[in-house]
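An overview of the molecular structure
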Amino acid sequence: MKRLVIFDLDGTLLNTIADLATATNRALQLCGYPVHEMNAYRYFVGNGISKLFERALPEDQRTEAQIERIRSLFVPYYDAHNADKSDPYPGMKELLKELQQRSIHIAVASNKYQAATSKLIAHYFPGIHFTAVSGQKEGFPTKPNPAIVHNIIEKAGVQTEETLYVGDSNVDMLTARNAGVTAVGVTWGFRPREELEACQPAHIIDRPEELLGFLDE
């Protein structure tokens, strides 16, 4: 029986790619660098914003100083505009409501920085109680390190075998494996099904409601 479901944020709960691309391209343009098509960002995101900026910068400009310069332009703009074009994936609000009605703990484990993670969850899911909303923050390494998942499990007071971890990328599948919890890959996110299959998660789903079939395992 599963008592805790942990969700990735970008590409799993919310389609945030347009706002991430817009904010990063704006910062790149202000610094005189080339911009990218929105679809390119599907492969830039997933490992935190520093890695996003590194991937978006020209290869010969991927220095700590340039990454910090992009960050200084990205964060204030993204903080103000991260809900302009983002939306929950179809069926996600209904799934979270159903999990809540069944008294299942719900949590978020994201590599997005904490302030943006908290804001987006509060904005899009105001009626849902989350046991934890954990983004990238001081003292915790980014996924696929399992520290963030272990911290959430401790907060929920459950066991690893009672936990599902849901995400759309290889980073998420490796996070679940490293944490010793059941991995569920979702095909509606930023990465292709083949990337999920290569990680051999316990389950791959095409619609949010399919998750409910795994709660009694």
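Refer to the structure printed above.
So, here's what we can say about the structure. Nothing here was measured: the structure is a model prediction, and the numbers come from that model.

This next bit is on the overall build of the protein chain. When helices and strands are tallied, the protein chain shows nine helices and eight strands. Projected onto its principal axes, the C-alpha coordinates of the protein chain cover approximately 55 × 35 × 30 Å. Looking at the 217 residues of the protein chain, the share that counts as buried comes to 51%. Within the protein chain, residue pairs in contact and separated by at least 24 positions form 66% of the contacts whose partners lie at least 6 positions apart. Summed over its atoms, the accessible surface of the protein chain is roughly 9,700 Å², and 48% of this surface lies on carbon and sulfur atoms. Of the side chains in the protein chain, 22 bear a positive and 28 a negative charge, and the two mean positions are spaced by 3 Å.

Attention now goes to the pairing of strand β4 (residues 105-113). Burial analysis of β4 places eight of its nine residues in the buried class, the great majority of the element. The pairing of strand β1 (residues 4-7) with β4 spans four bridges and is parallel. For leucine 4, the partnering residue across the bridge sits in β4 and is histidine 105. Inspection of the sheet shows β4 paired to strand β5 (residues 132-136) by four bridges, in the parallel sense. When the sheet's bridge partners are listed, tyrosine 113 is paired in β5 with glutamine 136. In this fold, the crossover linking β4 to β5 by way of helix α6 (residues 114-124) has right-handed handedness.

Quick look at the sheet that holds strand β8 (residues 203-205) now. Spatially, β5-β4-β1-β6-β7-β8 is the arrangement adopted by the six strands of the open sheet, whose pairing is parallel. In this open sheet, the two edge strands, each paired with only one partner strand, are β5 and β8. Averaged over neighbouring strand pairs, the angle between their axes works out to 20 degrees when direction is ignored.

Moving on, we get to the nonpolar core. Ranked by internal contacts, the top residues of the largest apolar core, which has 51 residues, are Phe7, Leu13, Leu96, Leu99, Phe125 and Leu211. For this core, the element with the highest residue contribution is helix α1 (residues 17-30), accounting for six residues. Those residues in contact with leucine 96 that sit more than four places away from it in its chain are Phe7, Leu13, Ile106, Phe125, Ile128 and Phe130. The next biggest cluster of nonpolar side chains, apart from the first, holds 19 residues, and it includes Leu4, Ile153, Ala156 and Tyr165.

Before going further, it helps to examine the pattern of salt bridges. By the definition in use, this model includes twelve salt bridges. Lysine 143 serves as the salt-bridge partner of aspartate 8, at 3.0 Å between the closest nitrogen and oxygen. Here aspartate 8, found in the loop between β1 and β2 (14-15), pairs with lysine 143, found in the loop between β5 and α7 (147-156); they are 135 residues apart in sequence, far enough to count as distant. Under the relative-accessibility criterion, aspartate 8 is labelled buried at 6%.

At a minimum axis separation of 10 Å, helix α3 (residues 49-56) and helix α4 (residues 64-81) run at an interaxial angle of 115 degrees. Comparing their axes, α4 and α3 come out roughly perpendicular. As α3 packs across α4, the resulting crossing turns out to be right-handed. When α3 is examined against α4, the residues Ile49, Ser50, Leu52, Phe53 and Glu54 are found in contact with a partner set consisting of Ile67, Ile70, Arg71, Phe74 and Val75. Of the residues that constitute the contact of α3 with α4, the class distribution is seven nonpolar, one polar and two charged.

Thresholds applied
- Residues numbered from 1 in each chain as written.
- Predicted model: local features only at pLDDT ≥ 70, side-chain atom pairs only at ≥ 80, totals over all residues.
- Heavy atoms only, no water.
- Helix = DSSP H or I, 4+ residues; strand = E, 2+ residues; numbered from the N terminus.
- Buried < 20%, exposed > 50% of the residue type's maximum accessible area, 1.4 Å probe, protein only.
- Contact = heavy atoms within 4.5 Å.
- Areas by Shrake-Rupley, 256 points an atom, 1.4 Å probe, with all protein chains shown as cover.
- Lys, Arg positive; Asp, Glu negative; His and termini not counted.
- Charge placed at Lys NZ, Arg CZ, Asp CG, Glu CD.
- Pairing = 2+ DSSP bridges.
- Right-handed = clockwise from strand over helix to strand, strands pointing away.
- Axes fitted to C-alpha atoms, helices over the stretch in contact; angles between N-to-C directions.
- Core = buried A, V, L, I, M, F, W, Y, C linked by side-chain atoms within 4.5 Å.
- Salt bridge = Lys/Arg side-chain N within 4 Å of Asp/Glu carboxyl O.
- Parallel < 35°, antiparallel > 145°, perpendicular 65-115°, else oblique.
- Left-handed = near helix turned anticlockwise from the far one by under 90°.
- Nonpolar A, V, L, I, M, F, W, Y, C, P; charged D, E, K, R; others polar.

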